[in-house]
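# Chains, contacts and geometry: an overview
Each chain, letter by letter, is given below.
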Amino acid sequence: MKYEDLVPWTAKVAAWAHNYYATLRGRPVRPTVQPGSVAAQLPVAPPEQPESMETIFADFERLIPDAMTHWQHPRFFAYFPSNAAPASILAEQVANVLSAQCMLWQTSPAATELETVMIDWLRQALDLPAGWRGVLQDTATSATLSAVLTMRERALEWRGLTEGLSGAPILRIYASDQTHSSIDKAIRLAGIGQNNLVKVPTDGDWAMRADRLEEAIEQDRAAGYLPAGVIGCIGGTSIGASDRLHEILAVARRHSLYSHVDAAWAGSAMVCPEFREIWRGIELADSVVFNPHKWLGANFDCSVQFLRQPADQVRTLAIRPHYLQTLDAEEITNYSEWTIPLGRRFRALKLWFLLRAYGLEGLRARIRNHVHWAEQAAEQLQAFPHFQVVTAPRLSLFTFRYVPPASDPDVATRELLERINRDGRTYLTQTTHAGQFVIRFSIGHFETTWDDVATALQAIQESAVTMQ
Ligand SMILES: *Cc1c(COP(=O)(O)O)cnc(C)c1O
């Protein structure tokens, strides 16, 4: 197949895409496939001879779309959204055509400079301090690992990189139990060890207690440990809990600890000034991650890590063998020195298309709707017989359970969730909160309307009726 042969196929793919989106609302959000059923329909060995695009595409249409969970379905209320605004899908197609590897300024001048400007646009959109810089990462997991490695090396005065950790003091990192598992993973992978992630107790609002943080740091110091960093949580994955950053980051500052804030989901909502109270104190952070690929509309993957001063992270992650050196001036940025992978996709383009095609006002309007609808949905659901809203909406996420008389609420709620998801009109997922099995309802898709939310509520209520 030659590039000329692509031309009719790009048109066919565009027509397919149009039809996919035009029919998406009518499809079940989650497929009814059995594990192994897709693999069973694929040849066990690769073809020796080329096949025609007609055959390949026909097989794609036959086997793949109906066996996918439709993340862009407007009634996808599971997990957190992974939004793909049409303008960002288009940008991603253009980036595919360029297929650039954006590791250094010299391998991708426009991509590098666009990235710098997009980070600064987003810094302004979220009202973060002037002078902060940042970098695009694939996921929040990578940004958090980068920050934890920086905490480690800063505490060890960059000796860990050359000498390893075996002779080093035991490091300690502090976070609440509302943080995402990516924090635990980072601590494990950074060689710090799960046992040295201190889960500081939270208060009645599920926010880390600053007094207990301070106590933990002081006790650890007295016991010979080396405190290295504090990780704040804004919009936790389970119920959307947030730490009071102005309190805990002040403690981190007082003890000269590096700090990182995980706002992977909630960060997008900070484009709306009225929601910024939840991250009051953010200006005290050293590193902040948020995922435009969750709620803002940039399609996956696109995670932004803001840095007060990139120097510590660059000192931790940069490595310059001769073949990667660029023989030029100081003023260029090589973003691969800020991240773990060397190779980098052209992610800035979708942010550029997105921010221009909707404007901050367009993005704010969507997020405000989602927050408003979550409040309405929680209120309506609370009025259904035997339904309980367990955690009130935090931004656009709330949790609920089903407590029919004379039944175990955990068992009934789990059964209800299975029925809701078999129904297909919507898709919801669960969490454990304060020892209880609860269902999360998270609104965030770009094309969701109130009617979609109302349809989901109806599906929930009807699923409960089938249990009686
Ligand atoms: C989704 C989420 C993550 C993980 O994000 P990835 O980009 O998939 O690594 C981390 N933290 C929070 C709070 C999240 O909601």
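Everything below is about the structure printed above this text.
Residues numbered from 1 in each chain as written. Predicted model: local features only at pLDDT ≥ 70, side-chain atom pairs only at ≥ 80, totals over all residues. Heavy atoms only, no water.

## Overview of the site of the ligand
What surrounds the ligand is a group of 13 residues, the closest being Ala140, Thr141, Asp262, Asn291 and Lys294. Interatomic distance of 2.8 Å between a backbone N/O atom of Ala140 and an oxygen atom of the ligand. Protein coverage of the free-state accessible area of the ligand, which is 380 Å², stands at 87%. For the shell around the ligand, the residue count by class is three nonpolar, eight polar and two charged. (Near = heavy atom within 4 Å. Polar contact = N/O pair within 3.5 Å; in protein donor to acceptor, adjacent residues only side chain to side chain. Areas by Shrake-Rupley, 256 points an atom, 1.4 Å probe, with all protein chains shown as cover. Nonpolar A, V, L, I, M, F, W, Y, C, P; charged D, E, K, R; others polar.)

## So, unusual backbone geometry
Residue Asp301 is bonded to the preceding Phe300 through a cis peptide linkage, with omega at 5 degrees. Here Asp301 is to be found in the loop between strand E6 (287-290) and strand E7 (303-307). Despite not being glycine, Glu157 has its phi angle at roughly 50 degrees, a positive value. Positive phi is not limited to glycine here, since Ala406 has a value of about 55 degrees. On the secondary structure map, Ala406 appears in the loop between strand E9 (397-402) and helix H12 (409-423). (Helix = DSSP H or I, 4+ residues; strand = E, 2+ residues; numbered from the N terminus.)

## What to know about the nonpolar core
Membership of the largest hydrophobic core comes to 63 residues, with the highest contact counts inside it found for Leu126, Tyr174, Leu213, Trp279, Phe306 and Ile367. Of all elements in the fold, only helix H3 (86-98), helix H4 (109-125), strand E3 (197-200), helix H8 (210-222), helix H9 (245-254), E6, E7 and helix H11 (348-382) reach the threshold of two or more residues within this core. For Trp279, the residues in contact, after removing those within four places along its chain, are Leu126, Leu128, Ile234, Leu245, Ala263, Met270 and Val288. (Core = buried A, V, L, I, M, F, W, Y, C linked by side-chain atoms within 4.5 Å. Buried < 20%, exposed > 50% of the residue type's maximum accessible area, 1.4 Å probe, protein only. Contact = heavy atoms within 4.5 Å.)

## So, the environment of Gly240
Mapped onto the fold, Gly240 is located in the loop between strand E4 (226-233) and H9. If we skip the residues at most four places from it in the chain, Gly240 touches Gly235, Trp265, Arg394 and Leu397.

## With respect to the sheet that holds strand E11 (residues 436-442)
Ordered by their spatial adjacency, four strands build an open sheet running E8-E9-E11-E10, and the pairing between neighbours is antiparallel. A single partner strand is all that each edge strand has here, and the edge strands are strand E8 (387-394) and strand E10 (429-433). Shown here is a sheet whose adjacent strand axes are inclined to one another by a mean of 35 degrees, direction ignored. Contacts from H11 reach E8 and E9 within the one sheet, and its direction differs from that of E8 by about 165 degrees. (Pairing = 2+ DSSP bridges. Axes fitted to C-alpha atoms, helices over the stretch in contact; angles between N-to-C directions.)

## Things to note about the pairing of E11
Within E11, six of the seven residues are buried, leaving the element largely enclosed by the surrounding structure. Both E9 and E11 contribute to a ladder of four bridges, which runs antiparallel. Bridging across to E11, Thr399 finds its partner in Arg440. The antiparallel hairpin formed by E10 and E11 contains two residues in its connecting segment, where Ala434 sits at a positive phi of about 50 degrees.

## Quick notes on a nonpolar patch on the surface
The grouping of Met1, Tyr3 and Leu6 at the surface amounts to a nonpolar patch, some 400 Å² of accessible area in total. Here Tyr3 lies in helix H1 (residues 3-23). (Patch = residues over 30% accessible without salt bridge, like charges linked within 9 Å, V, L, I, M, F, W, Y side chains within 5 Å. Salt bridge = Lys/Arg side-chain N within 4 Å of Asp/Glu carboxyl O.)

## Some words on the packing of aromatic side chains
Following the criterion strictly, the structure yields 21 aromatic pairs and no others. On the basis of an interplanar angle of 65 degrees and a centroid distance of 5.1 Å, the ring pair of Tyr335 and Trp338 is categorised as edge-to-face. We note that Tyr335, like Trp338, is buried. Against the face of Tyr225 rests Arg172, its NZ or CZ located 4.0 Å from the ring centre. Here the guanidinium or amino end of Arg440 rests over the ring plane of Phe80, the centre of that ring lying 4.9 Å away. (Phe/Tyr/Trp six-rings, centres within 6.5 Å; stacked < 30°, edge-to-face > 60°. Lys NZ or Arg CZ within 6 Å of the ring centre and 35° of its normal.)

## Observations regarding the pattern of salt bridges
All told, the structure shown has 32 salt bridges when counted by the stated rule. Taking the shortest distance from any N to any O, the salt bridge between Glu214 and Arg254 comes out at 2.7 Å. In this pair, Glu214 sits in helix H8 while Arg254 sits in helix H9, placing the two residues 40 residues apart along the sequence. Since its relative accessible area comes to 17%, Glu214 is described here as buried. With a closest N to O distance of 3.1 Å, Arg347 and Asp301 form a salt bridge. Here Arg347 is found in the loop between helix H10 (311-317) and H11, whereas its partner Asp301 is found in the loop between E6 and E7, with 46 residues between them in sequence. The network of salt bridges with shared partners includes Glu92, Asp301, Arg345, Arg347 and Lys350.

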